[in-house]
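Results of the structural survey
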Amino acid sequence: MAERRAFAQKISRTVAAEVRKQISGQYGGSPQLLKNLNIGGSVSHHTTVPLTEAVEPVDLEDYLTTHPIAVESGPLRDLLEFPPDDIEVVYTPRECRTLVSAVPEESEMDPHVRDCVRSYTEDWAIVNRKYHKLGTGFNPNTLDKQKERQKGLPKQIFESDEAPDGNSYQDEQDDLKRRSMSIDDTPRGSWACSIFDLKNSLPDALLPNLLDRTPNEEIDHHNEDQRKSSRHKELFALHPAPDEEEPIERLSVPEVPKEHFGQRLLVKCLSLKFEIEIEPIFASLALYDVKEKKKISENFYFDLNSEQMKGMLRPHVPPAAISTLARSAIFSITYPSQDVFLVIKLEKVLQQGDIGECAEPYMIFKESDAAKNKEKLEKLKCQAEQFCQRLGKYRMPFAWTAIHLMNIVSSAGSLERDSTEVEVGTGERKGSWSERRNSSIVGRRSLERTTSGDEACNLTSFRPATLTVTNFFKQEGDRLSDEDLYKFLADMRRPSSVLRRLRPITAQLKIDISPAPENPHYCLTPELLQVKLYPDSRVRPTREILEFPARDVYVPNTTYRNLLYVYPQSLNFANRQGSARNITVKVQFMYGEDPSNAMPVIFGKSSCPEFSKEAYTAVVYHNRSPDFHEEIKIKLPATLTDHHHLLFTFYHVSCQQKQNTPLETPVGYTWIPMLQNGRLKTGQFCLPVSLEKPPQAYSVLSPEVPLPGMKWVDNHKGVFNVEVVAVSSLHTQDPYLDKFFALVHALDEHMFPVRIGDMRIMENNLENELKSSISALNSSQLEPVVRFLHLLLDKLILLVVRPPVIAGQIVNLGQASFEAMASIINRLHKNLDGNQDQHGRNSLLASYIYYVFRLPNTYPNSPSPGPGGLGGSVHYATMARSAVRPASLNLNRSRSLSNSNPDISGTPTSPDDEVRSIIGSKATDRSCNRMSSHTETSSFLQTLTGRLPTKKLFHEELALQWVVCSGSVREAALQQAWFFFELMVKSMVHHLYFADKLDAPRKNRFPERFMDDVTALVSTIAGDIVSRFQKDTEMVERLNTSLAFFLNDLLSIMDRGFVFVLIKTCYKQVSSKLYSLTNPSNLASLRLDFLRIICSHEHYVTLNLPCSLLTPPASPSPSVSSATSQSSGFSTNVQDQKIANMFELSVPFRQQHYLAGLVLTELAVILDPDAEGLFGLHKKVINMVHNLLSSHDSDPRYSDPQVKARVAMLYLPLIGVIMETVPQLYDFTESHNQRGRPSCVAADDYESEGGSMISQTVAMAIAGTSVPQLTRPSSFLLTSSSGRQHSTFSTESSRSLLICLLWVLKNADESVLQKWFTDLSVLQLNRLLDLLYLCVSCFEYKGKKVFERMNSLTFKKSKDMRAKLEEAILGSIGARQEMVRRSRGQLERSPSGSAFGSQENLRWRKDMTHWRQNTEKLDKSHKPARSRAEIEHEALIDGNLATEANLIILDTLEIVVQTVSVTESKESILGGVLKVLLHSMACNQSALYLQHCFATQRALVSKFPELLFEEETEQCADLCLRLLRHCSSSISTIRSHASASLYLLMRQNFEIGNNFARVKMQVTMSLSSLVGTSQNFNEEFLRRSLKTILTYAEEDLELRETTFPDQVQDLVFNLHMILSDTVKMKEHQEDPEMLIDLMYRQGQEKQSCNCLQL
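Residues numbered from 1 in each chain as written. Predicted model: local features only at pLDDT ≥ 70, side-chain atom pairs only at ≥ 80, totals over all residues. Heavy atoms only, no water.

Details of the overall build of the protein
For the protein, the helix and strand inventory stands at 60 helices and 29 strands. Expressed as a percentage of its 1654 residues, the buried residues of the protein come to 59%. Once local pairs closer than 6 in sequence are excluded, the contacts in the protein between residues at least 24 apart make up 82%. Per element, the accessible surface of the protein, about 65800 Å² overall, is 53% carbon and sulfur. (Helix = DSSP H or I, 4+ residues; strand = E, 2+ residues; numbered from the N terminus. Buried < 20%, exposed > 50% of the residue type's maximum accessible area, 1.4 Å probe, protein only. Contact = heavy atoms within 4.5 Å. Areas by Shrake-Rupley, 256 points an atom, 1.4 Å probe, with all protein chains shown as cover.)

Dropping the structure here:
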């Protein structure tokens, strides 16, 4: 026996040893490795292309036309071509906040106003890739999505989860102890007792038909049906996505442009009560920022007077509009800070006496003394009534107070915080706050980030507070200015405030402050428009208060707003003769000079009409140089003329009633013309005041002009200070923008000369002026540029598309506009850096392209009939508004061309080809000569419109300008390439849409010269990437992703073969550079990003021609129909030669499945152990493949198994690539080195074991067996140090690779796999089996207890330290984010990162990676402990993954076995198959898997009986051990199957040689080792299995006449005896003498057992 064993051993070992030897050598027949680049063999009829270079791609359009689709319909049909509705151009109405949209009331509008209004109201023009969301960019495997896909998973049953915990286990042991003691007190009584025990046991259920003689094919078929039923469809749903930074291909849809709001605050004014009530009081609220010294909101006026008090003013106040009765307001604060105050000002009706006198009664009388002071109060009331009657229309300042807003917010306590946290030193708060806000300029996106930085300044989540303000300060007549107010506010924050010493006016003002709700009802905008959800117009409204942000806000205008605020500040009449003491200023907005020309555009305050024609400032009693604190709000007319002006009239009001004295006497006049040289006039003014009414025609002049014969106060000196502020989305208030828009409109209107500023520009000078105004846009302020961004870009694009005709000449502005656009977007990028996505795309620009940009209409001013018509009045730049294309596009024009190229869109006579080819050769001249000449009709059109119908296509012009530009312009365009690429793509789609070419064949969509420009552009940009990636890392990263997204977009609209050639161009440039680099990983990493983005295309699978057959390009193609019928496709002769091509990265494969070829080639090249310097990219390239497969897996389009098989075909070479990497994969089997027990016993527990009194080895020796057969099967010698000359992959990377392998094996067509396996050499098949062996360990179920233990984080300290050390070395703390961003892929974040080159770290690393493997998924050890339910869910998923992975492995093993059966050769690999099977039995498996596993094992033994009993004898021993272990399982189904297998094994052995000595011996030895080593071993279960085996023997009719049943019975009794004894030995563990006695007795029994005496 010994000899035979050694011999058998030798056979199997030589193969294994050979595998090891050849691992690093060349590896037959597979072109994976770089070393054998010149592949011979099966591919000899192709020229071979090394893997490091890209092959010529297939011409996809040609291929699809020459291979008509054989499938009529069904899921496969959709794989073959993009869906017809792939791209749609949608016009969606923009959402309007208000019930009616904000537009000017006038019907006549000048062109600029018309453009602005169009820009704020037109529909969004969106190009939608309908299936885009299915590409990997939008289809991330997020946690929520995983959870969705994991619904309804069955719970897998695992023995390790069922096993009892320590405590209950102990009780059971004691119970056993008592029982077995009672059985056996005398040494020899045990035999009979044990038989008695056995006879009384209950067997498990018997398997039906187990003993029938069924043909092997039928068994296989039955097993397969069983295995394949109710399997989980999506493997990746069970596998967590790899831990990545934000995936590079993720693109978010830009935010819809909308009106900007800061954090919103709702203030409700509830009541205002004084100690005495004698007259009406008027209140206003506004926000001020002390630090910026700026009023940051307009005023909110409210009136809390009782009806009785209001009645006192009846004669003066017309009926109030409901909009002026608001008592609640919503304030917006973009930059909340500690410096914001809510200031409340009170006014009362004017009366005789200064403020102090008038306030006196309020200070001295108390409400409680009302009865005592009745007479005095009556007198006061009486006086008040008189003043109200006489002076009711005038006001005087009365009192004020302020609330420090942040105190309220923070003391109200944020919802998330305890109020204790609020007490933060404000000093340090403020410091950090100011730094933060200066570093980032705020656009809408970055707002949240900037503002929430200072927690105390977060207004979105504090508890609503009700405040009662009790003290007001009386206004000082000489301290009314804003300057004074800021001093008071600053003083209020000091502990020793001067204000506290003043005697206050006591009152009670109650207000509620709370965060504003999302969509409050009954709201009015600052223009008094009703905001949506305004169910009833009679309800008291809430006013939205306009914000004047403390610093610039960079958000484009999206609504029409045109407001003017006038702030009279001070007047100095000290030197004016005559009596002028109680002065008020009447403000009017005039459209002419007649007093009746005042316009009703001044907003009312509270309890008054909405609009009035005049406003009066409050009077300071007896003051000749008063200050004012008034805010007058005016609705500006949309179109202003030179006659519009503000008129100020100064009056002296006589407070005492005297005879013959009028109530008001005019004492001066002044004015401000609204337009100066066509621009709105705003700012600070110090105006002279005239004593007389201004003369006629005064309104066009400024009062500074000394008009003859007029008398002025103080010799025409400036005596009246006033500020005028406009908040307008019509007036840019920037001279450069104004000039540009004015010139563009002058062109449209064809009105000359143009007056701009002081200049009159004649037509002959217009061109220069226009060009200089375009380049001067650079000097404009950024804030107005952003506000008018949409209009500005529209106009620049329009100048490119339709060059103006000036003085009969076409002026080409393409270059100027391109440069201006490049510089504007770079300014935005630099200054608004908080406003970008991960690809550096500014969100404002991205939104412009996505929603706003569209191709301009064809003809200027042409009326557009049809449903989409815009009417004749509409400006030519208006785009088609509806999906029905307006006839005005006049697309039939191009059809009349005599020219052979229908795509040249020029005037009816384009230059002919000959001329164009001459011109085309001189690239530099091209830009000027591409202008089309014009025909006779043009001059007629020109006189009408000033523009020729010359229409250039924007994308063509853009590509041309970009190709020919140079120097700083080119640099600017490169910096923001994404912008121009996205513009170009949208323009292309719009062009196809308007020209009805979205369905046209792709080869005829765009003219050749445009395609040449695109090629030149892509090629030069790839050149930039290659030459600059070391210097300008960040810029090149952006450029690289932009280029990739561009090509991804082009795949949807252009000739796809052409785009493949572009991809190849980029590849070629990178490849040639890579050869020369010593450290290629940075550039290779960029190329991976590039490829990953291109492959994120939603039709990636279709682009790979998944249904094509691999034919050498030259040979005639076989019919496609055979390929599409599911498996028959592979039966033809043609295919037999091709099978290798399908599994190898052969040239035909890489050509026809172009993108998949690139992906797999990258994988093969980077994973190749000899690839220099690419080590850090392992994780990255593996993630790319994992990401693709995972997205195919969840893609609803590929859920049909037939379709999935086609998709899997694209990845067949992956199997070969991964087989190459076997030596580098992380060795998951390491943790399984002691296999006698369930693996839920963690490695930690093994260590403690050496401490027991008698060492395991001794016990085993006495028991007559040896330890080694428990260690892992030695097939896996790869870990021996000599085998490991390569750096190992991390656990995470290895796991990802293996799950990809399993996915391909699961979904690929089995007949194809089998064909390929037939072609593989024994060596390669063994390699494959090694891989499967590794997969078993890799996806082994960890067990619920492990999850729980990990949750409690009871890792040993050393492991924690190790983790910390690892993190430190790998820089994964703190700076990691930045580092990863800077050098993506420099260093894999795995423990085997390139920081560890040397071999001696290996042990430590492995240990560490094992630690990582257990923890990486579950808990990054910072997360809080997870809930019970989460642990359950985690275990459920892991269990299902383990089951599915092992079933895939089982399916594959079955295919390998079939291969052997069919070819009747290569039997030597069956040992390998068995090894994998046995290994899987040894791991922690679910009951479901084990049933199928035992079924396969039984089939294998029945097909190849001599395998076990002659050749793989050691495996036979192993099998017996595994079966016995499962016979003692606590789960009955596992026991039934294990017993059945064991019984059949004996029966088979018996049938071969009428004796089953081998199995008997192995079983007996196995039992001892099992009982001896397993800690929670339960004899009761094993007893039931033994009984089941007996039952089979009794029911086995066929062998009833032989000695077999008796032999079985003998064996079973003997086993049972050993079982009882060994159990007893365990009980006496503490008593060494007794233990040795029992061992001795057992040894004797085994000797007497004849089966062991071989």
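Focus on helix H40 (residues 1201-1209)
Of all the 9 residues making up H40, 7 are buried; the element is thus mostly covered by neighbouring parts of the structure. Taken as a whole, H40 has its buried residues at Val1203, Lys1204, Ala1205, Arg1206, Val1207, Ala1208 and Met1209. N-cap assignment for H40: the residue whose side-chain oxygen lies 2.8 Å from the backbone N of Gln1202 is Asp1200. (Polar contact = N/O pair within 3.5 Å; in protein donor to acceptor, adjacent residues only side chain to side chain.)

Quick notes on a nonpolar patch on the surface
There is a patch of nonpolar side chains on the surface, built from Val700, Leu701 and Val705 and spanning about 200 Å² of accessible area. Along the chain, Leu701 turns up in the loop between strand E24 (683-687) and strand E25 (720-728). (Patch = residues over 30% accessible without salt bridge, like charges linked within 9 Å, V, L, I, M, F, W, Y side chains within 5 Å. Salt bridge = Lys/Arg side-chain N within 4 Å of Asp/Glu carboxyl O.)

As for the sheet that holds strand E21 (residues 664-673)
Pairing in this open sheet of 4 strands is antiparallel, and the strands run E18-E15-E20-E21 from one edge to the other. Every interior strand has two partners, whereas the edge strands, strand E18 (615-616) and E21, have only one. In terms of strand pairing, strand E15 (residues 583-590) meets E18 through 2 bridges, oriented antiparallel. Of the residues in E18, the one forming a bridge with Lys586 is Tyr616. (Pairing = 2+ DSSP bridges.)

Topic: the nonpolar core
In this structure, Trp962, Phe979, Leu1047, Leu1050, Ile1063 and Tyr1211 are the most contacted members of the largest nonpolar core, which totals 296 residues. When residues of this core are assigned to their parent elements, the largest contribution, 13 residues, is made by helix H29 (residues 977-994). In terms of nonpolar packing, the next biggest core, distinct from the first, is built from 53 residues, Ile278, Phe365, Leu377 and Ile403 among them. (Core = buried A, V, L, I, M, F, W, Y, C linked by side-chain atoms within 4.5 Å.)

Some remarks on the packing of helix H4 (residues 111-121) against helix H18 (residues 735-749)
Remark: H4 packs on H18, axes separated minimally by 9 Å, with the N-to-C direction vectors making an angle of 105 degrees. The angle between H4 and H18 falls in the class roughly perpendicular. Between H4 and H18, the contacting residues are Pro111, His112, Arg114 and Asp115 on the first element and Phe741, His745 and Glu749 on the second. (Axes fitted to C-alpha atoms, helices over the stretch in contact; angles between N-to-C directions. Parallel < 35°, antiparallel > 145°, perpendicular 65-115°, else oblique.)

Here's the deal with the pattern of salt bridges
Taken as a whole and judged by the stated rule, the model has 69 salt bridges. Across the salt bridge formed by Arg479 and Asp484, the nearest N and O atoms sit 4.0 Å from each other. For Arg479, a relative accessible area of 33% translates into the label partly exposed. Within the structure, one salt-bridge network assembled from shared partners comprises Arg97, Glu259, Arg264, Glu527, Glu544 and Arg561.

Regarding a negative patch on the surface
A cluster of acidic side chains, namely Glu1464, Glu1467, Glu1506 and Glu1511, defines a negative patch on the protein surface. Here Glu1506 is to be found in helix H54 (residues 1505-1511). (Lys, Arg positive; Asp, Glu negative; His and termini not counted. Charge placed at Lys NZ, Arg CZ, Asp CG, Glu CD.)

Notes on the packing of aromatic side chains
What the rule picks out here adds up to 41 aromatic pairs. On the basis of an interplanar angle of 80 degrees and a centroid distance of 5.4 Å, the ring pair of Tyr522 and Tyr534 is categorised as edge-to-face. One end of the pair, Tyr522, is in the loop between strand E11 (505-515) and strand E12 (523-524); the other, Tyr534, is in the loop between E12 and strand E13 (542-544), with 12 residues separating them in the sequence. We classify Tyr534 as buried; its relative accessible area is 9%. Taken together through their ring pairs, the aromatic side chains of Phe818, Trp962, Trp978, Phe979, Phe980, Phe981 and Phe1046 make up a single cluster. Over the aromatic face of Phe261 sits the side chain of Arg264, whose NZ or CZ is 4.7 Å from the ring centroid. Seen from the ring of Phe603, Lys633 lies directly overhead, with NZ or CZ sitting 4.5 Å from the centre. (Phe/Tyr/Trp six-rings, centres within 6.5 Å; stacked < 30°, edge-to-face > 60°. Lys NZ or Arg CZ within 6 Å of the ring centre and 35° of its normal.)

Digging into the packing of helix H44 (residues 1291-1307) against helix H51 (residues 1428-1463)
It is at 10 Å that the axes of H44 and H51 come closest, and there the two elements cross at 55 degrees. Overall, the two elements H44 and H51 adopt an arrangement that is oblique. As H44 runs across H51, the sense of the crossing is left-handed. Residues Arg1295, Ile1299, Leu1302, Leu1305 and Lys1306 of H44 lie in contact with H51, whose contacting residues are Leu1441, Glu1444, Ala1445, Ile1448, Ile1449 and Thr1452. (Left-handed = near helix turned anticlockwise from the far one by under 90°.)

A closer look at the environment of Glu1506
According to the relative accessible area criterion, Glu1506 is partly exposed, its value standing at 37%. Discounting chain neighbours no more than four positions away, the residues touching Glu1506 are Glu1511 and Ile1552.

Things to note about the pairing of E25
Here E25 shows one buried face, formed by Phe720, Val722, Val724, Ala726 and Ser728, and one open face, formed by Asn721, Glu723, Val725 and Val727. Judged from the 9 bridges that link them, strand E14 (residues 562-571) and E25 form a sheet pairing that is antiparallel. By the bridge assignment for E25, Leu564 is matched with Ala726.

A short note on the confidence of the model for the protein
Here the protein averages 78 in pLDDT, and 76% of its residues register 70 or above. Confidence drops under a pLDDT of 50 for residues 1-46, and excluding neighbours within four residues, the segment shows 77 contacts in the predicted structure. Between residues 1233-1285, whose pLDDT stays under 50, and residues either more than four places distant or in other chains, the model counts 96 contacts. (pLDDT = per-residue confidence, 0-100.)

Observations concerning helix H32 (residues 1056-1076)
With 21 residues, H32 ought to run about 30 Å at 1.5 Å a step, and its terminal C-alpha atoms sit 31 Å apart, in line with that. Capping of H32 at its N-terminal end is provided by Asp1055; its side-chain oxygen lies 2.9 Å from the backbone amide nitrogen of Gly1057. (Expected span 1.5 Å × (residues − 1).)

Regarding the environment of Val689
Position of Val689 among the secondary structure elements: in the loop between E24 and E25. Taking the C-alpha atoms as reference points, Val689 and Asp714, 25 residues apart in sequence, are found 8.5 Å from one another. Apart from the residues within four sequence positions on either side, Val689 is in contact with Leu571, Phe573, Phe650, Gly668, Tyr669, Thr670, Trp712, Val713, Lys717, Val719 and Phe720.

Thoughts on the side chain of Asp1227
Along the polypeptide, Asp1227 turns up in the loop between helix H41 (1213-1220) and helix H42 (1243-1249). You can call Asp1227 buried: its relative accessible area is 2%. Polar side-chain contacts of Asp1227 include one of 2.3 Å to the side chain of Thr1229.

Topic: the environment of Ile1618
Mapped onto the fold, Ile1618 is located in helix H59 (residues 1604-1627). C-alpha separation for the pair Ile1618 and Gly1643, spaced 25 residues apart in sequence, amounts to 9.7 Å.

Some words on unusual backbone geometry
With phi around 50 degrees, Asn677 is a residue other than glycine that occupies positive phi space. With respect to the secondary-structure elements, Asn677 resides in the loop between strand E22 (675-676) and strand E23 (679-680). Backbone geometry places Leu1105, a non-glycine residue, at a positive phi of 50 degrees. Relative to the helices and strands, Leu1105 resides in the loop between helix H34 (1100-1103) and helix H35 (1120-1124).

Regarding the state of the cysteines
Enumeration according to the criterion identifies 0 disulfides in this entry. Unpaired in terms of disulfides, Cys1520 finds its nearest cysteine sulfur in Cys1516, a separation of 4.4 Å. Owing to a relative accessible area of 0%, Cys1520 belongs among the buried residues under this scheme. (Disulfide = S-S within 2.5 Å.)

Some words on the side chain of His629
Secondary-structure assignment places His629 in the loop between E18 and strand E19 (632-635). In this view, His629 contacts Lys345, Glu347, Pro397, Gln475 and Leu480; residues no more than four positions away in its chain are not counted.

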